[in-house]
Each structure stands twice: as C-alpha cells, then as structure tokens.
Amino acid sequence: MKRTLLATVAAFSLAAAGTVQADTSKRTNISAKQVAHSAGNASGAGLNATEIMIIVTAVAVAGAVLKSGGAGSSMMTPFTRVSDARLKTDITRTGTSPSGIPVYSYRYGTAPEVYTGVLAQDLVDLAPDAIVPLKNGYMAVDYGRIDVDFDRIK
C-alpha cells in the first residue's frame, strides 16, 4: 500500500510536469498547507517520516518544474532536495565542505530521522546556482551542483 501511494505521487508529479510542458497555459498550485495536510493523512496511513519526505520532495520538485516551465528545465536534477532552514529543527553545524559550504545535521519538523546536508539560505551567496526556488516560497537545493552529500544518518 505504501509503495503504491509513493508511486502514485511520483507518477502524478511527473505527469503534471509533462502536462505543463505541453501546455504552459495550465498551472497547478500546491500550497504548503495542502502538502502538510496530505502528509498528515499519509502518516495516518502508516507512512514514516522518510516516506513523507519523499512525497513532499516529489511535490516540491513538481512545483519547481511547473514554475520553471517544464521538465526540460536545466535547473532540475535527480539530486534536488527541499532544504529550506525554515522546515528544519535540531540544526547543528557539523563541518564545512572543501569549497567552504557549512554542513549540518538536522530533522525535518518533528520527524525522528536525522539527516546531514546544507541549509539553502547559506547557498544564497556561496552557490546561488544550486538554489531552486519553489513556488510556495521555500527553497530546494540541487546537491549535484555542490560538494556536499544529502544523507540520512539516523
């Protein structure tokens, strides 16, 4: 059931991006409130925080693709992750990458999982080409453009 839900969300995201690429007069708006509501419903369906983050990331990536004009955008890669500091808690700086980018451990909201990665806000000056602005006002990071890996550590 979980895998079916995740596959459906991913398929919907890709289909939405393809639809917008074919007809840019059609726009889909997904608010942060709608994503949070969907995530709450998903957790009630037995999804863990990692699976919810996959859904949130799929929706955010689809939103960025929609905003940028289609799936052919050079801004989008498979390495894009929602990385806005406003969505993270328990943020602790753990180091610095060879290029000078601060590296942190953090959680998304109240999720128990701990991740390591960057804060999008740090990249505004350090690596602006790695930032993917999302329609909902948050920022994602294209980890393929920086020398830091996004990983789950707990």
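Definitions and cut-offs
Here the residue numbering is sequential within each chain, running from 1 through the sequence in written order. The predicted origin of the model limits local features to residues at a pLDDT of at least 70 and limits the giving and counting of side-chain atom pairs to 80 or more, whereas totals for whole chains, interfaces and linings rest on all residues. To get the side-chain values, all heavy atoms of the structure are used, and hydrogens and water are removed first. The classification of residues rests on relative accessible area computed with a 1.4 Å probe and restricted to protein chains. Under 20% of the type maximum is buried, over 50% is exposed, and intermediate values are partly exposed. A run of H or I in DSSP counts as a helix once it spans at least four residues, and a run of E counts as a strand once it spans at least two, with each numbered from the N terminus. Strand pairing requires that DSSP identify at least two bridges connecting the strands. Any carboxyl oxygen of Asp or Glu that lies within 4 Å of a side-chain nitrogen of Lys or Arg is treated as forming a salt bridge with it.

K.L.:
So what exactly am I meant to see when it comes to the pairing of strand 3 (residues 102-108) here?
P.N.:
Strand residues, when the strand is regular, have side chains that alternate between the two faces of the sheet. The element strand 3 is extensively covered by neighbouring structure, given that six of its seven residues are classed as buried. As paired elements, strand 2 (residues 88-96) and strand 3 share six bridges and run antiparallel to each other. Looking across to strand 3, one finds that Thr89 is bridged to Arg107. Adjacent in sequence and paired antiparallel, strand 2 and strand 3 are bridged by five residues, among which Gly100 carries a positive phi angle near 95°. Bridging between strand 3 and strand 4 (residues 115-117) involves three bridges; their strand directions are antiparallel. Bridging from a neighbouring strand, Ser105 pairs with Thr116 of strand 4. Linkage of strand 3 to strand 4, two consecutive antiparallel strands, is achieved through a turn of six residues, within which Gly109 is found at a positive phi near 60°.

K.L.:
What should I look at first to understand the pattern of salt bridges in this one?
P.N.:
Here the idea is simple: oppositely charged side chains can pair when their charged atoms come close. Scanning the entire structure with this criterion turns up five salt bridges. The shortest N-O distance in the salt bridge between Arg152 and Glu113 comes to 3.7 Å. Separated by 39 residues along the polypeptide, Arg152 in strand 7 (residues 151-152) and Glu113 in the loop between strand 3 and strand 4 bring together distant segments of the chain. Two residues, Arg145 and Asp129, come together in a salt bridge whose shortest N-O distance is 3.6 Å. You can see Arg145 sitting in the loop between strand 6 (139-142) and strand 7 and its partner Asp129 sitting in the loop between helix 4 (123-126) and strand 5 (131-133), a full 16 residues away along the chain. Classification of Asp129 by relative accessible area gives partly exposed; the value is 49%. When salt bridges that share partners are traced, they join Asp129, Asp142 and Arg145 into one network.

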